[in-house]
Amino acid sequence: MMGSRAAGPDPDSSGAAARRTGTVCMIAFRPVGKGKVGNMPNAVIDTALTRHPDGYGIAWRENGFVRTAKFGPDARKEFRKMVRRLDNAGYEYAAHFRQATHGPACKRLSHPFVYEDPTEGRVAILHNGVIDIKTTAEESDTEVFVRDVLAKLPSAWWRNPALTYLVGEAIGWSKLVIMTPSETQIIPILIGNSEKTM
């Protein structure tokens, strides 16, 4: 989702201003394959960097592994180089442009957040939206949700319709991109012009 940047910082850490204005993070997904058809256009990158300036990150699958890179608000040039490198290589990736609704604008709170699944291996999570969860002034809602909720669910929880439904209810209108060494999932699941979580 692309929204206009709010005039000032969110005065409360609950993310209420983001919900009122529609200003949240943006995720761009590129499927695997070479060629300009799947590449992220410069105009999209420019707009996203301007509207969502609080940090950038990317997750991609390479040689059977999930790789990630995070960039602070001042590293636009490096982030753009990484996107172009992955475009040229034809890798599937999810790029994240952060709008800080919880915690400061910094590299550490840029997405993706990663945890180790006991059977699936490294799992990268990117989120666009606001999750109603208790955070400190130095934490993001997604960071806490990944650490305190997703990482504690059973292995490969995203394949269990009941757990996917519950996660979808917890994140509300927002989306999660889940990238593992073997698959990418978007929660809620997009089906045609509607969404569902089962």
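Residues numbered from 1 in each chain as written. Predicted model: local features only at pLDDT ≥ 70, side-chain atom pairs only at ≥ 80, totals over all residues. Heavy atoms only, no water.

A look at the packing of aromatic side chains
Move 1: Applying the stated criterion to the full structure yields 5 aromatic pairs.
Move 2: With a centroid separation of 5.6 Å and an interplanar angle of 75°, the aromatic rings of F71 and F79 are classed as edge-to-face.
Move 3: Its relative accessible area of 10% is what places F71 among the buried residues.
Move 4: Summarising the aromatic geometry, the rings of W157 and W158 are spaced 5.8 Å apart at their centres and angled 80° between planes, so their arrangement reads as edge-to-face. (Phe/Tyr/Trp six-rings, centres within 6.5 Å; stacked < 30°, edge-to-face > 60°. Buried < 20%, exposed > 50% of the residue type's maximum accessible area, 1.4 Å probe, protein only.)

Some words on the pattern of salt bridges
Move 1: For the coordinates displayed, the defined rule picks out 9 salt bridges.
Move 2: Between R159 and E183 there is a salt bridge whose closest N-O contact spans 2.5 Å. Residue R159 is located in the loop between α4 (141-148) and α5 (161-171), and its partner E183 is located in the loop between β7 (175-179) and β8 (184-187); the two are separated by 24 residues in the primary sequence.
Move 3: On the accessibility criterion, E183 (15% relative accessible area) is buried. (Salt bridge = Lys/Arg side-chain N within 4 Å of Asp/Glu carboxyl O. Helix = DSSP H or I, 4+ residues; strand = E, 2+ residues; numbered from the N terminus.)

Structural notes on helix α3 (residues 76-89)
Move 1: The end-to-end C-alpha distance of α3 is 20 Å, a good match for the 20 Å that 14 residues give at a rise of 1.5 Å each.
Move 2: Residues F79, M82, V83, L86 and D87 constitute the buried set of α3. Mapping the buried residues of α3 onto a view down its axis gives an arc of 135°, with all of them on the same face. Opposite the packed face of α3, turned more than 90 degrees from it, sit the exposed residues K77, K81 and N88.
Move 3: On the buried face of α3, the contacting elements are β1 (26-30), α2 (42-51), β2 (56-62), β3 (65-71) and β4 (93-97). (Expected span 1.5 Å × (residues − 1). Arc of directions from axis to C-beta. Contact = heavy atoms within 4.5 Å.)

A short note on the confidence of the model for the chain
Move 1: In this model, the chain carries a mean pLDDT of 84, and residues with pLDDT of at least 70 account for 82%.
Move 2: Ignoring residues within four places in sequence, the model shows residues 1-21, a span with pLDDT below 50, making 42 contacts including any to other chains.
Move 3: Taken as a whole, residues 190-198 scores under 50 in pLDDT and shows 16 contacts with residues more than four places along the chain or in a different chain. (pLDDT = per-residue confidence, 0-100.)

A look at the pairing of β2
Move 1: Most of β2 sits inside the fold, with 7 of its 7 residues counted as buried.
Move 2: Where burial is concerned, the two faces of β2 agree: the one with Y56, I58, W60 and E62 and the one with G57, A59 and R61 are both buried.
Move 3: Between the end of β2 and the start of β3, which pair antiparallel, lie 2 residues, with N63 showing a positive phi angle near 55°.
Move 4: Inspection of the sheet shows β2 paired to β4 by 5 bridges, in the antiparallel sense. Residue pairing for β4: W60 is matched across the bridge by Y93. (Pairing = 2+ DSSP bridges.)

Comments concerning empty space enclosed by the protein
Move 1: Within the structure shown, the criterion is met by 1 cavity of 30 Å³ or more.
Move 2: What the largest cavity holds in volume is close to 50 Å³.
Move 3: Lining the largest cavity are C25, R98, Q99, T101, H102, H111, H127, G129, S140, D141 and T142.
Move 4: Split into classes, the residues belonging to the lining of the largest cavity amount to 1 nonpolar, 8 polar and 2 charged. (1 Å grid on protein atoms, 1.4 Å probe; cavity = no way out; pocket = protein on both sides within 12 Å on 5 of 7 lines; lining within 4 Å. Points joined across faces, edges and corners; volume = space filled by probe spheres on them. Nonpolar A, V, L, I, M, F, W, Y, C, P; charged D, E, K, R; others polar.)

Section: the packing of α2 against α3
Move 1: For the pair α2 and α3, the least separation of the axes is 12 Å and the interaxial angle reads 145°. Of the two elements, α2 crosses α3, and the hand of that crossing is right-handed. Here N42, I45, D46, L49 and T50 of α2 come into contact with α3, specifically with R76, F79, R80, V83 and R84.
Move 2: The class makeup of the residues in the contact of α2 with α3 is 4 nonpolar, 2 polar and 4 charged. (Axes fitted to C-alpha atoms, helices over the stretch in contact; angles between N-to-C directions. Left-handed = near helix turned anticlockwise from the far one by under 90°.)

Remarks on the sheet that holds β8
Move 1: As summarised here, the arrangement of the 4 strands in space is β5-β6-β7-β8, forming an open sheet in which the pairing is antiparallel. What marks the edges here is a single partner per strand, and that holds for β5 (113-117) and β8. Within this sheet the neighbouring strands show an average axis-to-axis angle of 25°, counted without direction.
Move 2: Two strands pair when backbone bridges link them, and β5 and strand β6 (residues 121-128) are joined in this way by 5 bridges, in the antiparallel orientation. Looking at the pairing, E116 lines up with R122 of β6.
Move 3: In the packing of α4 onto the sheet, contacts are made with β5, β6 and β7, and the angle to β5 comes to roughly 5°.
Move 4: Helix-sheet contacts for α5 involve β7 and β8, and the interaxial angle to β8 is about 55°.

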